[in-house]
Amino acid sequence: MNELRPAVFLDRDGTLNVERDLVRAPADLELISTAGSALRQLARAGFLLIVVTNQSARARGILSASELEDVHERLKELLEAEGVELTDILHCPHHPTEGEPPLRVECECRKPAPGMLLHAAAAHQVDLSRSWIIGDAARDIEAGQRAGVRTVLVLTGKGESEQERCSPDLISADIAAAAHELLACS
Ligand SMILES: [Mg+2]
Ligand SMILES: [Zn+2]
């Protein structure tokens, strides 16, 4: 029962859902149209699906804990409607310089730090050596590299402009292409 499983760590904004300045209410969360089928495919291949998202809007005082919880309930609902079950959603509520303590803190979970990936790996018996991260930002790629997983930059969200700031294993047009391409080399 303690066998390690591979996971795909998933950035949220710009990767699973359409990038907005602030996703504050459930209605602000719009799934990228191919996200459901992409995640279904990854789950079918045996990957745990774990969302890892920086939410410094919490530290900056413009997003409450309950608003964030409601948004994540909505994310789970939308994906469940597509037959996808997430293993976990981890978020970093911190910012190193903005807002007030305790959320204003130099933490180990804000990507590009690998804390969320390492924490989830321990909690869910993840084999990092067979795992991946998919994200639209250089800090997603760096967090993955620091955790020892393979990395895919998607060109949705901020991806186009982040390309030159990182060296991912794969660059894919969107989450659907990322799923397809990482499965081909797993
Ligand atoms: Mg993002
Ligand atoms: Zn943090």
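Small disclaimer: the values here were computed from a predicted structure and weren't measured.

**Considering the overall build of the protein chain**
- Of the regular secondary structure elements, the protein chain holds six helices and six strands.
- Each helix and strand of the protein chain, ordered N terminal to C terminal, gives the series β-α-β-α-β-α-β-α-β-α-β-α.
- A total of 186 residues make up the protein chain; the buried ones form 51% of that total.
- Long-range contacts, defined as pairs at least 24 residues apart, comprise 63% of the intrachain contacts of the protein chain with a sequence gap of at least 6.
- In the structure as shown, the protein chain presents an accessible area of about 8700 Å², 46% of it carried by carbon and sulfur atoms.
- With 19 positive and 30 negative side-chain charges, the protein chain shows a separation of 1 Å between the mean positions of the two kinds.

**Describing the sheet that holds strand β6 (residues 170–172)**
- Ordered by their spatial adjacency, six strands build an open sheet running β3-β2-β1-β4-β5-β6, and the pairing between neighbours is parallel. Looking along the sheet, the strands with just one partner apiece sit at the ends: β3 (88–92) and β6. Strand after strand, the sheet turns through a mean of 20° between neighbouring axes, direction not considered.
- In terms of strand pairing, strand β2 (residues 48–54) meets β3 through five bridges, oriented parallel. In the strand pairing of β3, T53 is matched with H91.
- Sheet strands in contact with helix α1 (residues 35–44) are β1 (7–10), β2 and β4 (132–135), and its direction is about 130° off that of β2.
- Against the sheet, helix α6 (residues 175–184) makes contact with β1, β4, β5 (150–154) and β6, and its axis sits at roughly 140° relative to β6, the strand it touches most.

**With respect to the coordination of the zinc ion (ligand 2)**
- Note on the zinc ion (ligand 2): its protein donors are C92 (SG), H94 (ND1), C107 (SG) and C109 (SG). The metal-donor distances range over 2.1 to 2.3 Å.
- What the four donor atoms of the zinc ion (ligand 2) show is an angle range of 102 to 116° at the metal, which sorts the shape as tetrahedral.
- Site description for the zinc ion (ligand 2): donor spacing in sequence, C-x1-H-x12-C-x1-C. You can see H94 sitting in the loop between β3 and α3 (115–123) and its partner C107 sitting in the loop between β3 and α3, a full 13 residues away along the chain.

**Here we look at the side chain of D127**
- Mapped onto the elements of the fold, D127 is located in the loop between α3 and β4.
- Owing to a relative accessible area of 16%, D127 belongs among the buried residues under this scheme.
- A polar atom in the side chain of D127 sits 2.8 Å from the side chain of R130.
- Once residues lying within four places of it in the same chain are set aside, the contact partners of D127 are L4, R5 and P6.

**As for unusual backbone geometry**
- The peptide bond linking P101 to P102 adopts the cis configuration, its omega dihedral lying at 5°.
- As for its position among the elements, P102 is in the loop between β3 and α3.
- Going from K111 to P112, the amide bond is cis rather than trans, its omega being 25°.
- Mapped onto the secondary structure, P112 falls in the loop between β3 and α3.
- Notably, Q125 is not glycine yet its phi reads approximately 50°, a positive angle.
- Examined against the element boundaries, Q125 turns out to sit in the loop between α3 and β4.

Rules used throughout
- Residue positions are given per chain, counted from 1 along the sequence in the order it is written.
- Each chain is given a letter, starting from A, and each ligand a number, starting from 1, according to the order in which they appear as written.
- In keeping with the predicted nature of the model, local features appear solely for residues at pLDDT of at least 70, side-chain atom pairs appear and are counted solely at 80 or more, and the whole-chain, interface and lining totals rest on all residues.
- With hydrogens and water excluded, all non-hydrogen atoms of the structure serve as input to the side-chain values.
- Secondary structure elements follow DSSP: runs of H or I of four or more residues count as helices, runs of E of two or more count as strands, with numbering from the N terminus.
- Partly exposed describes any residue whose relative accessible area lies between the buried limit of under 20% and the exposed limit of over 50%, with all areas from a 1.4 Å probe on protein chains only and scaled to the type maximum.
- Should any heavy atoms of two residues lie within 4.5 Å, those residues are considered in contact.
- Areas reported here follow the Shrake-Rupley algorithm with a probe of radius 1.4 Å; residue values treat only the protein chains shown as occluding.
- The convention is simple: Lys and Arg are positive, Asp and Glu are negative, and His and the chain ends are not counted.
- The location of each charge is read from NZ of Lys, CZ of Arg, CG of Asp or CD of Glu.
- DSSP-based pairing: two strands are paired if at least 2 bridges between them are found.
- Angles run from 0 to 180 degrees between N-to-C directions of axes, and those axes are lines fitted to C-alpha atoms, restricted for helices to the stretch in contact.
- Any N, O or S atom lying within 2.8 Å of the metal counts as a donor, and for Na, K and Ca the limit rises to 3.2 Å; water is left out, so some sites can look incomplete.
- Irregular is the label for any site that misses the other tests, which are tetrahedral for four donors with all angles between 85 and 135 degrees, and square planar for four donors or octahedral for six when opposite donors exceed 155 degrees and the remaining angles lie between 65 and 115.
- By the criterion applied in these results, polar contacts are pairs of N or O atoms within 3.5 Å in which, for protein atoms, one can donate a hydrogen and the other can accept it, and in which residues neighboring in sequence qualify only through two side-chain atoms.

Any link to function would need more than the numbers given here.
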